[in-house]
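What follows is each chain in one-letter form.
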Amino acid sequence: MNMRHASWPARLLTIVLLTAVVGCDRHQDTAGAKESVHKALSVDKEAAASSKAAASGNAAFVAPPKIELPFHKETLDNGLTVIVHEDHKAPVVAINIWYKVGSKDETRGKTGFAHLFEHLMFNGSENFPGEYFEPFQRSGATDMNGTTNNDRTNYFETVPKGALDMALWMESDRMGHFKGAISQEKLDEQRGVVKNEKRQGENAPYGQAFDLIAANTFPSDHPYSWTTIGSMDDLDNASLEDVKQWFSDYYQPANAILVITGDITVEEAMKKARQYFGGIPSTSVPPELKNWELPSQVNKRLEITDQVPQTRIYKVWNVPAVGSDEENALDLLTSLLANRKNSLLYRRLVREEKVATNVSAFYYGRQLAGQLIVMVDVKPGQSVEKVEKLLDKELREFARSGVNDDELRRIKQSEFAGLVKGLEKIGGFGGKSDILASSEFYYGDPGAFVNGLDDYAGVSALDVQNVAQQWLKPQHFTLIINPKEKYAAVETDVDRSKLPAVDKTVELELPEQQTFTLDNGLNVVLAERHDTPVVLMSLQFRSGAATDGDRPGLASVAARMLSEGAGNYDSLAFSARQEELGASIGAGSGLDYNTLSLSALKSQLQPSLELFRDVISSPLFPEEDLARVKSNWLDAIRQEEAQPQGLAMRKLPPLLFGQEHPYGVPLTGSGTPEAIKSITREDLVNFHNTWLRPDNAQLTVVGDVTKDELKKLLNETLGSWRAPREPLPELAIPQVARPDKPRIYLLDRPGAQQSYIMAGLVMPEWNPEDAEAFDAMASAIAGKFTSRINMNLREDKHWSYGARAVSLDTEGQRPYIVFAPVQTDKTAQAIQELLKEFRAYLSTRPIEEKELKDYQDDEVLKQSAQFQTKGQLLSTIAWQVEKGLPPEYIADYPQRVSALTIEQVAAAAKEYLAPDQFTWMVVGDLSKIQKDIEALGIGQVEVIPSSE
């Protein structure tokens with residue numbers, strides 16, 4: 001196996017999307033170590049690599065960025081691999097533990113065990129019974145989760161430095177002291193949760209796709225022939241003995257990788273690793289299956305029907321696994337084929353032939369085999385046979401004619417830019433701890449990712465063409481026995497009778513906000529941060545759905561069309577220019593604001609700003625692209641209507657605010673089919689001229705640039721952008737009254753395996769005077785995993801995979817929305833339970849001291865990680881500016897939260913919550929749920945049509 005990069009951002013995202021998720025250096029210390037390795041990794045080989053590329057004639061070479069990811073690797077006496085990386089920019093530490101066990105380690109008849117056990121691991125341990133999340137949610141933890149895929153299971157969290165001992169105690173306790181905590185009750189509880197997760201996935205459009213792909217592309221004895229979540233029958237048959245044996249076999253130090261990254265030294269980290277984990281014994285771990293002969297290509301076609309709005313074509317090839325010589329070329333091949341406006345299949349099928357609405361492709365690399373998957377959404381009304389023939393023709397022509405060097409270079413540059421920007425995070429999905437752990441797991445070397453960048457940069461057009469010719473066409477077992485290793489546990493003094501105390505000291509150093517005004521009157525706020533050579537910008541202007549009038553969706557379509565060409569660049573040239581610069585320009589639309597964003601490398605800031613200026617001042621809004629966008633937009637609306645959540649989000653707002661109200665529009669932002677059809681280029685030009693103007697905008701900037709540099713650059717690029725003479729139109733958001741009684745609306749979805757419950761309530765405008773009390777009140781009842789409604793429906797009743805509530809941030813009255821997908825036969829009972837919890841919250845059981853204290857601890861301590869990335873800082877400052885608040889409002893937030901009292905939060909609940917004025921929306925199989933809902937006697941029940 002070659003040592004190559006562990007995974008690229010796009011590939012990491014692919015693996016995350018196909019993963020079942022709970023929903024949950026400077027020197028070495030060799031004391032007691034079997035193996036101790038320390039490397040300071042740095043890729044800065046531009047000169048040498050460029051010479052090498054020139055000598056080889058590789059015109060697609062792109063010099064890799066300078067990446068420094070120093071690490072310390074050491075193996076404890078009990079077999080635990082420990083990897084440490086220091087990053088002192090924020091007072092937080094990330095922990096990431098990878099266990100070398102996934103669904104490939106299961107056998108037929110006992111599938112889903114790896115994922116089921118991941119859920120069980122969040123139910124407390126022998127020395128800490130109860131919900132695993134609890135101490136973390138009062139300690140400021142962020143990026144906390146667990147995931148399972150075919151190859152491995154991992155658990156991770158980012159905590160303030162003062163909570164590190166608590167986190168390591170908890171992680172080590174469930175590694176070494178968990179078996180005795182597994183009870184039949186907990187097994188049954190999590191089995192119910194997982195089964196609801198499976199139902200929720202299968203209930204979604206195209207939800208069966210990857211089950212069918214796995215079963216039809218791998219032989220029945222291959223570990224990848226079933227998906228991670230397993231089968232219902234196998235989950236039902238899992239016994240307590242089976243689960244405990246699974247823990248004994250796989251959850252031991254010698255079968256795990258522990259990564260610690262962040263504001264900690266190697267000495268400190270290794271000392272704590274030995275303290276908390278060194279006393280956990282290992283036995284002989286099960287043999288690890290590391291190779292399997294590549295399955296032969298199947299020649300099979302399967303057609304099924306499902307509740308989907310349009311036909312989707314999947315094409316799947318079995319290709320080499322992670323670590324193969326072809327890995328990089330296969331990954332780049334998918335970017336050339338799809339996922340970008342300039343990609344071959346998107347260009348041909350979506351833009352030119354207009355027979356598809358979307359095309360995507362990815363290389364799914366795993367330990368035993370890889371797969372190359374292409375997906376095409378057929379445009380309604382088009383012949384599936386015609387689209388498939390065109391797809392096959394384009395793939396054959398691609399393999400025959402070869403790859404464009406310029407396009408391949410742009411893709412690499414874009415990927416490198418994404419990599420540099422993504423390395424700010426120490427934990428969570430795709431953070432530094434993930435990179436180090438995955439490199440060690442898949443390649444046996446934490447530095448494999450960084451070391452492999454040069455290989456990635458050097459992939460030639462011929463390399464990509466060769467893999468296309470080898471794999472894009474229709475049509476070994478190795479056993480290695482190693483001596484059994486002997487492991488030894490060491491004596492430690494860890495007190496397992498209680499959790500270590502959390503140090504609640506939080507020290508934040510936020511950059512100063514500098515303000516200035518450009519020559520054209522545009523207000524600018526800058527926060528300098530020079531840790532990475534990247535600059536982020538957010539230009540907000542008041543508009544959004546509130547300005548749509550009789551064309552719901554206009555603001556969103558305008559935002560979408562801003563990336564369809566500007567200045568001298570048509571749509572494809574605009575996309576290519578972004579890739580060339582390593583820049584990213586995006587546009588978004590909400591209820592009250594539209595936003596233009598820019599992410600640029602410092603070295604390319606001026607040309608990136610010139611491109612940004614073109615979007616702001618001279619978008620093209622081409623007729624041909626508008627026709628395509630509108631057509632695909634209508635298809636997307638049909639996609640929304642095919643999903644219970646999307647359907648409810650479309651139907652609820654007009655019932656809350658009224659059809660004519662600015663907020664009485666689909667919360668998805670997609671508008672209505674009639675309005676989308678009616679939008680013209682003139683509408684977009686008028687929208688742009690009316691709302692996108694310096695006197696209606698605010699620019700927020702965070703990154704590697706000084707005030708003087710930025711002001712000069714902005715005046716040079718945006719200086720000619722001027723406000724028109726016409727005054728800015730006034731925006732009025734009317735007040736609406738809550739209904740006197742509850743209302744229940746039903747939407748029929750025959751055959752649905754779940755019911756989607758949504759309840760809405762109009763809240764008063766956001767008010768800084770009681771904002772913290774409102775948030776604390778909302779969190780305890782429905783705002784987080786341990787909230788009352790989630791604990792009831794998910795953990796206690798096992799009826800739902802998760803229930804929550806959100807309050808949208810608006811300029812006018814805010815929509816407050818409760819949502820709970822539940823199993824069909826428990827729909828009416830679930831509505832009763834939701835009402836019971838909200839009513840009790842207002843009367844017999846207001847917020848409790850522990851709930852408030854946990855919320856305060858969590859909110860205050862999580863500030864340690866709140867501004868870890870430039871994007872996080874930019875988002876917060878932009879919000880603060882939008883609300884007209886001073887900079888100290890952010891810094892003073894912990895003090896305001898800490899000062900909350902029980903009386904304030906209880907008063908906020910009584911002021912804002914009114915469960916007997918909820919407007920209910922239930923999407924499900926009415927033949928099974930309608931009579932039970934009507935029998936509740938809550939309020940008038942009305943069936944409404946599901947189509948627009």
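Shown above is the structure to which this text applies.
Residues numbered from 1 in each chain as written. Predicted model: local features only at pLDDT ≥ 70, side-chain atom pairs only at ≥ 80, totals over all residues. Heavy atoms only, no water.

**Student:** Can you break down the pattern of salt bridges residue by residue, with the values?
**Tutor:** Following the criterion strictly, the structure yields 60 salt bridges and no others. One salt bridge in this structure joins E353 and R348, with 3.2 Å as the shortest N-O distance. Look at E353 and you get partly exposed, because its relative accessible area is 37%. Two residues, D550 and R551, come together in a salt bridge whose shortest N-O distance is 3.5 Å. Given a relative accessible area of 24%, R551 falls into the partly exposed group. Through salt bridges that share partners, K341, R351, R560, E564, D625 and R628 make up one connected network. (Salt bridge = Lys/Arg side-chain N within 4 Å of Asp/Glu carboxyl O. Buried < 20%, exposed > 50% of the residue type's maximum accessible area, 1.4 Å probe, protein only.)

**Student:** Summarise helix α11 (residues 327–337); cite the residues concerned and give the values.
**Tutor:** Within α11, eleven of the eleven residues are buried, which leaves it mostly tucked inside the rest of the structure. Within α11, burial applies to E327, N328, A329, L330, D331, L332, L333, T334, S335, L336 and L337. N339, located one to two residues past α11, shows a positive phi value of around 80°. (Helix = DSSP H or I, 4+ residues; strand = E, 2+ residues; numbered from the N terminus.)

**Student:** So what about the side chain of E772? Which residues, and what values?
**Tutor:** Relative to the elements of secondary structure, E772 occurs in helix α27 (residues 771–783). A relative accessible area of 8% places E772 in the buried class. A polar contact of 3.4 Å, which involves the side chain of E772, links it to the side chain of Y889. Apart from the residues lying within four places of it in its own chain, the contact partners of E772 are Y889, Y893, R896, V897 and L900. (Polar contact = N/O pair within 3.5 Å; in protein donor to acceptor, adjacent residues only side chain to side chain. Contact = heavy atoms within 4.5 Å.)

**Student:** Explain the environment of V376 to me, and be specific about the residues and the numbers.
**Tutor:** Within the fold, V376 resides in strand β13 (residues 370–378). As a C-alpha pair, V376 and V359 span 17 residues in sequence and 4.6 Å in three-dimensional space. Among all residues touching V376, those that are not within four sequence positions of it are T311, R312, I313, L349, A356, N358, V359, V387 and L391.

**Student:** I'd like to hear about the nonpolar core, residue by residue, with values.
**Tutor:** Proteins that are soluble and globular tend to have nonpolar side chains buried together. Formed by 59 residues in total, the largest nonpolar core has its most connected members in Y99, F117, F136, Y251, L258 and F277. Of the residues forming this core, the biggest block, seven residues, is contributed by helix α5 (residues 164–176). Contact partners of F117, with chain neighbours within four places excluded, come to Y155, F178, I182, V243, W246, F247 and Y251. F774, A805, A914 and I938 belong to the second-largest nonpolar core, a separate cluster that totals 51 residues. (Core = buried A, V, L, I, M, F, W, Y, C linked by side-chain atoms within 4.5 Å.)

**Student:** Talk me through the sheet that holds β13; I want residue IDs and the actual numbers.
**Tutor:** Backbone-to-backbone hydrogen bonds pair the strands of a sheet. The strands run either parallel or antiparallel. As summarised here, the arrangement of the three strands in space is β11-β13-β12, forming an open sheet in which the pairing is antiparallel. Whereas interior strands pair on both sides, the edge strands pair on one side only; in this sheet they are β11 (312–319) and β12 (356–365). When strand polarity is set aside, the average angle formed by the axes of neighbouring strands in this sheet is 10°. When β11 meets β13, the two strands line up antiparallel, connected through eight bridges. Counted as the bridge partner of V316 is I373 from β13. Across the face of the sheet, helix α7 (residues 209–217) comes into contact with β11, β12 and β13 while running at roughly 40° to β11. (Pairing = 2+ DSSP bridges. Axes fitted to C-alpha atoms, helices over the stretch in contact; angles between N-to-C directions.)

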